[in-house]
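Observations on the model geometry
Residue-level listing of the chains:
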Amino acid sequence: MPSDDDDDAQTQDKLTQAQLTAIENEIKSSQPLTSQLLPISALLHQYSTTAANEQQQSAGFIQSAQFLSTKYTSLRRVRGDGNCYYRAFLYSLCEHLLLRNSNNNETGGSKEFSRIKTTIANSLKWVCQFGYEEMTIDMFYEELVELFDFISAADNNDKSASTAAGATKNESNRNNAQQQLHSKLNEENSTSDYCTWYLRVLTAAQMKSNPDRFLPFLLADETNMMMDIPTFCSREVEPMGKECGMVTVAALAECLGVKVVIEYMDGRLSNNDAAAGGIGIGSSGEVVNHVFGQIHDEDDEDRDRICLTLLYRPGHYDILY
């Protein structure tokens, strides 16, 4: 017979799961997968209205937000569910490709779209070389392929409109396509989740394809646990809800040949500012950024590559414009 301790443990597990489900439902009801475009001032407003007892903690964030407002005009918030990096990457990549591909004045737009679309189309056989079963992942792969087909169809509509009805209809079609893309990537348990998980598979396959490139980063992990690439991927990359670290940021950027610029807004005060009670990371509150997936600074091909710009705050990523 089960002991009283076993019953207590089962009851506690049920209560914990119920609490986690309630939190998840609250997040879903209050946070879209990806928000509408917001003015960059929303970032400063978030920290400027912080309660008085948290103001010292927020001081660095306020100065950083002021600095970012001189570089960027807008942002999109991404749901904080542990998938925010992959979701932000997906949304920003698709949006860039949609706008760049349909802009006849954008150098290399169609070429870059074709390159990434071909990479995605060929990826199923490639990832299966690293232990994934085609029948298991095919549905997720197909969802990403269909998303790129949608972008391609939107581009064809733009070109048709630019010939038949002029620039006004062209602009209207582009705005329409943007709204459709936004809707597709905000459907619960649908395109965004399926494509997000497939991006995780691509990330893991990239790491497994070149273990010598990525293993040193794993050994430097803050846990100081020695972990091989397959174990790391099964624990930290493949499961939905697992947050993304620098090594996985680099792996996905390199897999798709995309440049990713990340502004690191961690709210730290410089030693001088902290001692003086001032705010900001430096005298100007400048935020450090890191670039991933870059090939060569002066390479023509690299200059045509898509560049995604994301905002990092502790444990979370959003999209910057």
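Everything numeric here is computed off the predicted structure, so don't read it as measured data. (Residues numbered from 1 in each chain as written. Predicted model: local features only at pLDDT ≥ 70, side-chain atom pairs only at ≥ 80, totals over all residues. Heavy atoms only, no water.)

This part takes up the overall build of the protein. The helix and strand inventory of the protein stands at 14 helices and 6 strands. A total of 321 residues make up the protein; the buried ones form 43% of that total. Within the protein, residue pairs in contact and separated by at least 24 positions form 77% of the contacts whose partners lie at least 6 positions apart. In the structure as shown, the protein presents an accessible area of about 16,600 Å², 49% of it carried by carbon and sulfur atoms. (Helix = DSSP H or I, 4+ residues; strand = E, 2+ residues; numbered from the N terminus. Buried < 20%, exposed > 50% of the residue type's maximum accessible area, 1.4 Å probe, protein only. Contact = heavy atoms within 4.5 Å. Areas by Shrake-Rupley, 256 points an atom, 1.4 Å probe, with all protein chains shown as cover.)

Spatially, the 6 strands line up as an open sheet ordered β1-β2-β6-β5-β3-β4, and their pairing is mixed. Edge positions in the open sheet fall to β1 (38-39) and β4 (288-292), since each of these has one partner strand only. The pairing of strand β3 (residues 259-264) with β4 spans 5 bridges and is antiparallel. Bridge pairing in β4 links Tyr 264 to Val 288. (Pairing = 2+ DSSP bridges.)

Okay, helix α5 (residues 109-121) next. Taking 1.5 Å per residue as the helical rise, α5 with its 13 residues ought to reach 18 Å, and the 18 Å between its terminal C-alpha atoms agrees with that figure. Within α5, burial applies to Gly 109, Glu 112, Phe 113, Ile 116 and Ile 120. Burial along α5 is one-sided: seen end-on, the buried residues are contained in an arc of 100°. (Expected span 1.5 Å × (residues − 1). Arc of directions from axis to C-beta.)

A separate point is the confidence of the model for the protein. Averaged over every residue, the pLDDT of the protein is 83; the share at 70 or more is 70%. Every residue in residues 271-283 is under pLDDT 50, and counting partners more than four places away or in other chains gives 26 contacts. (pLDDT = per-residue confidence, 0-100.)

Residue placement: Glu 143 occurs in helix α7 (residues 134-164). This buried residue, Glu 143, is left without a salt bridge; Lys 184 holds the nearest opposite charge, at 5.6 Å. (Lys, Arg positive; Asp, Glu negative; His and termini not counted. Salt bridge = Lys/Arg side-chain N within 4 Å of Asp/Glu carboxyl O.)

Our focus in this paragraph is the packing of aromatic side chains. With the rule as written, the count across this model stands at 11 aromatic pairs. With a centroid separation of 5.1 Å and 45° between ring planes, the pair formed by Tyr 264 and Tyr 312 is classed as tilted. Here Tyr 264, found in strand β3, pairs with Tyr 312, found in strand β5 (residues 307-313); they are 48 residues apart in sequence, far enough to count as distant. Residue Tyr 264 is classed as buried on the basis of its relative accessible area, which comes to 14%. (Phe/Tyr/Trp six-rings, centres within 6.5 Å; stacked < 30°, edge-to-face > 60°.)

Counting through the fold element by element, Leu 43 comes out in helix α2 (residues 41-48). The exposure class assigned to Leu 43 is buried, which follows from its relative accessible area of 0%. The spatial distance from the C-alpha of Leu 43 to the C-alpha of Ile 62 is 8.5 Å, given a sequence separation of 19 residues. Residue contacts for Leu 43: discarding those within four places in its chain leaves Ala 65, Leu 68, Arg 77, Met 265, Leu 311 and Arg 313.

If you trace the backbone, Cys 94 turns up in helix α4 (residues 84-102). On the basis of relative accessible area, Cys 94 is assigned to the buried category, the value being 0%. For the pair Cys 94 and Phe 150, spaced 56 residues apart in sequence, the C-alpha separation works out to 10.0 Å. In this structure Cys 94 touches Leu 147, Ile 151 and Leu 181, once residues within four positions along its chain are discounted.

This paragraph deals with the pattern of salt bridges. Applying the stated criterion to the full structure yields 12 salt bridges. Here Asp 81 and Arg 87 are joined by a salt bridge, their closest N and O atoms 2.8 Å apart. Its relative accessible area of 2% is what places Arg 87 among the buried residues. Taking the shortest distance from any N to any O, the salt bridge between Glu 238 and Lys 208 comes out at 3.4 Å. Of this pair, Glu 238 sits in the loop between α11 (229-237) and α12 (246-256) while Lys 208 sits in helix α9 (residues 191-209); the two residues are 30 residues apart in sequence, bridging distant segments of the chain.

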